[in-house]
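What the coordinates show
Each chain, letter by letter, is given below.
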Amino acid sequence: MSARSTQHDTFTIERRYPAAPERVFRAFADRDTKARWFGCEEGWDVAEHTLDFRVGGREVWRGGPRGATQHRNDTVYHDIVPNERIVWSYTMRLGEKPISVSLSTVELRPEGSGTRLLFTEQGVYLDGHDGTAERQHGTEELLKNLERALR
């Protein structure tokens, strides 16, 4: 039997976007808009992406590098305040193996003609398959993709 472990950690990322909070919020809420920035890494294929953006709604994203084991995110939305806040939890899997469970919060605040976004994630990383540094880096890349999609 392989060793089991858990690592708990929290990270926060702050970004400023040259778009109104309504537009940034829509980038999370609208499936077609979200598909332009979420999980669109170069060399990755998206095998599945469904989005039911409402409290209690679910999102599934599955994909990964061509020819490699797929990643899967299973998300549940817990709190949505239009144009201000989104709270969700998700399990990330590599193949069928769960590698983490996280609670994420996005807060949006008007700032000049743009938006200040505060992203906070509290995670438990399972059995050494993932960790805070990797997750924070991946999230920073997604938020850079979001900025490109908003331009």
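Residues numbered from 1 in each chain as written. Predicted model: local features only at pLDDT ≥ 70, side-chain atom pairs only at ≥ 80, totals over all residues. Heavy atoms only, no water.

Things to note about the pattern of salt bridges
Within the structure shown, the criterion is met by 18 salt bridges. With its nearest N and O atoms 2.2 Å apart, the salt bridge here joins Asp 130 to Arg 135. Judged on exposure class, the residue Asp 130 and its partner Arg 135 are both buried. Through salt bridges with shared partners, one network takes in Glu 48, Arg 62, Arg 72, Asp 74 and Arg 93. (Salt bridge = Lys/Arg side-chain N within 4 Å of Asp/Glu carboxyl O. Buried < 20%, exposed > 50% of the residue type's maximum accessible area, 1.4 Å probe, protein only.)

As for the side chain of Glu 121
Here Glu 121 is to be found in strand E7 (residues 114–126). When its relative accessible area of 0% is taken as the criterion, Glu 121 is described as buried. Within polar-contact distance, the side chain of Glu 121 engages the side chain of Ser 102 at 2.9 Å. (Helix = DSSP H or I, 4+ residues; strand = E, 2+ residues; numbered from the N terminus. Polar contact = N/O pair within 3.5 Å; in protein donor to acceptor, adjacent residues only side chain to side chain.)

Describing unusual backbone geometry
The phi torsion at Asn 83 lies on the positive side, around 65°, for a residue other than glycine. Mapped onto the elements, Asn 83 comes out in the loop between strand E4 (71–81) and strand E5 (85–94).

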